[in-house]
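# Structure assessment
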Amino acid sequence: MVEPAATTPHERVAVGPGRLLVAVYGVFGVAASARAGLQLATRFEQAPAAYLLSALAAAVYVVATVALARDLRRTALAACGFELVGVLVVGTLSLLLPDAFPDQTVWSSYGLGYGFVPLVLPVLGLLRLRATA
Amino acid sequence: MITPLAVAVLVLSLVLAAAGLVLALLDRRPGKPLLQGVLLLQLLLIGQAVVAASLLLGGDRPDDQGAFLGYLVVSALLLPAGLIWSFEEKSRYGTLVLAVVCAVVAVLQVRLQSLWDTVG
């Protein structure tokens, strides 16, 4: 295990509550990736934009999982920040312009279809990063 | 799929998730009974994956077969991953990790069963 070159020692992200957070992130990353992969492989032409967006979101969840697990703080910060912006922007757009989103993405309606997990996870990730900074 | 096996997976996963949650609230590490329960659940999941795979090979076709296979594979790999991830955590959060993966197994089981109900 390579320690990051930090100037001040800090608590690792993935211990204690961070351990649980990474586990939930991991489950969500796998679920979102599998679903997006399946959508792209079997019915891409139905809603290419929505499915590509889901695939992008899924990839970022995987990146966030690995970054949080390995204490890669900058990467984790960027990934969680991207997810939060994504769910807020796409969530708002999907409510204002429902016709632009013919099929559900993970971020539609602020992640309603996924129990709002997409909205909660990046917030918890950012809080955990701040708590261990 | 075999209904008794599916019911057993669902009930055991929910019981283990609840037990894990209670243990975590009591600030306990997962003890031997919980770990044995997780092992038993894993054996049931492997059995179910084998049965479902052989039924698929035998010609049964649920709607959205890709999703069905996805749920099946993830349900068979989730507990080992959760065990490995929780192993190093010496606090209540290691117990909570196990509770969460068991709860996810229950959700996967419900999804699997609803897809399988479309066969025939």
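Residues numbered from 1 in each chain as written. Chains lettered and ligands numbered in written order. Predicted model: local features only at pLDDT ≥ 70, side-chain atom pairs only at ≥ 80, totals over all residues.

## Quick look at the overall build of chain A
Across its full length, chain A holds four helices and zero strands. Whereas a compact globule of 133 residues would reach a radius of gyration of roughly 14 Å, chain A reaches 16 Å, a difference of no more than 12%. Taken along the three principal axes of its C-alpha coordinates, chain A extends 50 × 30 × 20 Å. When contacts within chain A are restricted to residue pairs at least 6 apart in sequence, those whose partners lie at least 24 apart make up 61%. (Helix = DSSP H or I, 4+ residues; strand = E, 2+ residues; numbered from the N terminus. Rg over C-alpha atoms; globule rule 2.2 N^0.38 Å. Contact = placed C-beta atoms within 7 Å.)

## Describing unusual backbone geometry
Phi at A:Tyr110 is positive, roughly 55°, even though this residue is not glycine. Tracing the sequence through the fold places A:Tyr110 in the loop between helix H3 (73-96) and helix H4 (117-131). The class of A:Tyr110 is partly exposed, set by 18 C-beta atoms lying within 10 Å. The phi angle at B:Asp27 is positive, at roughly 65°, despite the residue not being glycine. Relative to the elements of secondary structure, B:Asp27 occurs in the loop between helix H1 (3-25) and helix H2 (32-57). Judged by the 9 C-beta atoms lying within 10 Å of it, B:Asp27 falls in the exposed class. (Buried ≥ 20, exposed ≤ 12 C-beta atoms within 10 Å, placed from the backbone.)

## A short note on the interface of chain B and chain A
At the interface, 14 residues of chain B touch twelve residues of chain A. Of the residues that constitute the side of chain B that touches chain A, the class distribution is eight nonpolar, five polar and one charged. (Nonpolar A, V, L, I, M, F, W, Y, C, P; charged D, E, K, R; others polar.)

## Observations concerning H1(B)
Helical geometry note: an α-helix holds 3.6 residues per turn, so side chains three or four residues apart project in the same direction. All names here are of chain B. The terminal C-alpha atoms of H1 lie 33 Å apart, and with 23 residues this matches the ideal 33 Å at 1.5 Å per residue to within 8%. When we look at burial in H1, the residues that qualify are Val9, Leu12, Ser13, Leu16, Ala17, Ala19, Gly20, Leu23 and Ala24. Buried residues in H1 make contact with H2 and helix H4 (92-116). Looking one or two residues past H1, Asp27 carries a phi angle of roughly 65°, positive in sign. (Expected span 1.5 Å × (residues − 1).)

## A closer look at the confidence of the model for chain B
A low pLDDT score tells you not to read the predicted coordinates there in detail. All names here are of chain B. The pLDDT averaged across chain B works out to 94; a share of 99% of its residues lies at or above 70. Summarising per-element confidence for chain B, the mean pLDDT is lowest in helix H3 (residues 65-87) (94) and highest in H1 (96). Across the assembled chains, the prediction reports ipTM 0.91 with pTM 0.90. (pLDDT = per-residue confidence, 0-100.)

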